[in-house]
Amino acid sequence: MSKSLAAARSLQLSLLRNVEAFSSLDDVVLNQIADTAGYKTVHRGDMLMREGDVAATRYIVLKGRFIVLKDEGKIAEISMGEPIGELAFFAGGTRTASVMAARNSAVMSLTKTAYDNLAEQTPELA
């Protein structure tokens, strides 16, 4: 593994360890999550999801902050370590609100298939 890939993996694992839900998981499980998950940078003002979208992906904020929006405006904020869109994701529905990056941010993403496969392999995650 090159130095740049090793540094990127080290950063991924560090960010995952900072998520409260993952903080007690061992390195083997964290590496499985890191191998399975997608990672996305979301710039300030960009929409991560829109109300009515199919909830096919679950997100966890690795850094930054997001604003939850409904017709009447801002209804909540989501920060590091918190999930985004988990209720509709597990229920199999559509997004009930839009989510926009309040500042430059990064999220980890898991599709339903990836989450199910990972949970099957690593019961600690479920």
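Given the structure is predicted, the values throughout are model-derived calculations rather than measurements.

**Student:** Residues and numbers for the sheet that holds strand β1 (residues 38–42), please.
**Tutor:** One key point about sheets: their strands pair by backbone hydrogen bonds, in either a parallel or an antiparallel sense. Spatially, β1-β8-β3-β6 is the arrangement adopted by the four strands of the open sheet, whose pairing is antiparallel. Of all the strands in the sheet, the pair left with one neighbour each is β1 and β6 (83–84). Pairing of strand β3 (residues 57–63) with strand β8 (residues 105–111) involves six bridges; the strand directions are antiparallel. Paired with V61 across the strands is V107, a residue of β8. The sheet contacts of helix α4 (residues 112–121) involve β3 and β8, and relative to β8 the element is tilted by about 75°.

**Student:** Run through the sheet that holds strand β2 (residues 47–49), naming residues and quoting values.
**Tutor:** An order of β2-β7-β4-β5 is seen for the four strands of this open sheet, with the pairing classed as antiparallel. This sheet does not close on itself; its edge strands, each paired only once, are β2 and β5 (73–79). Between one strand axis and the next, the sheet turns by 30° as a mean value, whatever way the strands run. Note that strand β4 (residues 65–70) and strand β7 (residues 98–101) share four bridges and pair antiparallel.

**Student:** Could you give an account of the packing of aromatic side chains, naming the residues involved and the relevant values?
**Tutor:** Considering all chains together, one arrives at three aromatic pairs under this definition. Ring geometry for F89 against Y115: centres 6.0 Å apart, planes inclined by 90°, an arrangement best described as edge-to-face. Taken together, the residues span a long stretch of sequence, with F89 in helix α3 (residues 86–91) and Y115 in helix α4 at a distance of 26 residues. Accessibility expressed as a relative area gives 2% for F89, which makes it buried. With a centroid separation of 5.3 Å and an interplanar angle of 75°, the aromatic rings of F90 and Y115 are classed as edge-to-face.

**Student:** I'd like a description of the pattern of salt bridges, backed by residues and values.
**Tutor:** Counting across every chain of the model gives five salt bridges. The salt bridge involving R17 is made with D27; its shortest N-O contact spans 2.6 Å. Separated by ten residues along the polypeptide, R17 in helix α1 (residues 3–17) and D27 in helix α2 (residues 27–36) bring together distant segments of the chain. For K112, the salt bridge identified is with D116, shortest N-O distance 3.3 Å. Of this pair, K112 and D116 both sit in helix α4, four residues apart, which is roughly one turn of the helix. Put simply, R65, K74 and E77 are held in one network by salt bridges that share partners.

**Student:** If you had to explain the nonpolar core to someone new, which residues and values would you point to?
**Tutor:** Core analysis: the largest hydrophobic core is formed by 20 residues, its most contacted members being L16, F22, I33, M108 and L110. Put simply, the parts of the chain that give this core at least two residues each are α1, α2, β3, β8 and α4. Formed by 13 residues, the second largest nonpolar core is a distinct cluster that contains V42, L48, Y59 and I78.

The rules behind these values
- Residue positions are given per chain, counting from 1 as you read along its sequence in written order.
- At least 70 in pLDDT is required for a residue's local features to be given in this predicted model, at least 80 for side-chain atom pairs to be given and counted, and no such filter applies to totals for whole chains, interfaces and linings, which use all residues.
- Here the side-chain values reflect all heavy atoms present in the structure, with hydrogen atoms and water set aside.
- One requirement defines pairing of two strands: DSSP has to find at least two bridges between them.
- Where helices and strands are cited, they refer to DSSP runs of H or I of at least four residues and of E of at least two residues respectively, numbered from the N terminus.
- Only heavy atoms matter for contacts: two residues are in contact if any of them lie within 4.5 Å across the pair.
- As a rule, the C-alpha atoms of each element are fitted with a line to give its axis, helices using only the stretch in contact, and angles between N-to-C directions run from 0 to 180 degrees.
- Any pair of Phe, Tyr and Trp rings, taking the six-membered ring for Trp, is counted once the centres come within 6.5 Å. Such a pair is stacked with planes under 30 degrees apart, edge-to-face with planes over 60 apart, and tilted for the rest.
- Exposure classes here rest on a 1.4 Å probe applied to the protein chains alone. A residue is buried below 20% of its type maximum, exposed above 50%, and partly exposed in between.
- A carboxyl oxygen of Asp or Glu within 4 Å of a side-chain nitrogen of Lys or Arg is what we treat as a salt bridge.
- The criterion is simple. A nonpolar core is a set of buried Ala, Val, Leu, Ile, Met, Phe, Trp, Tyr and Cys residues joined through side-chain atoms within 4.5 Å.

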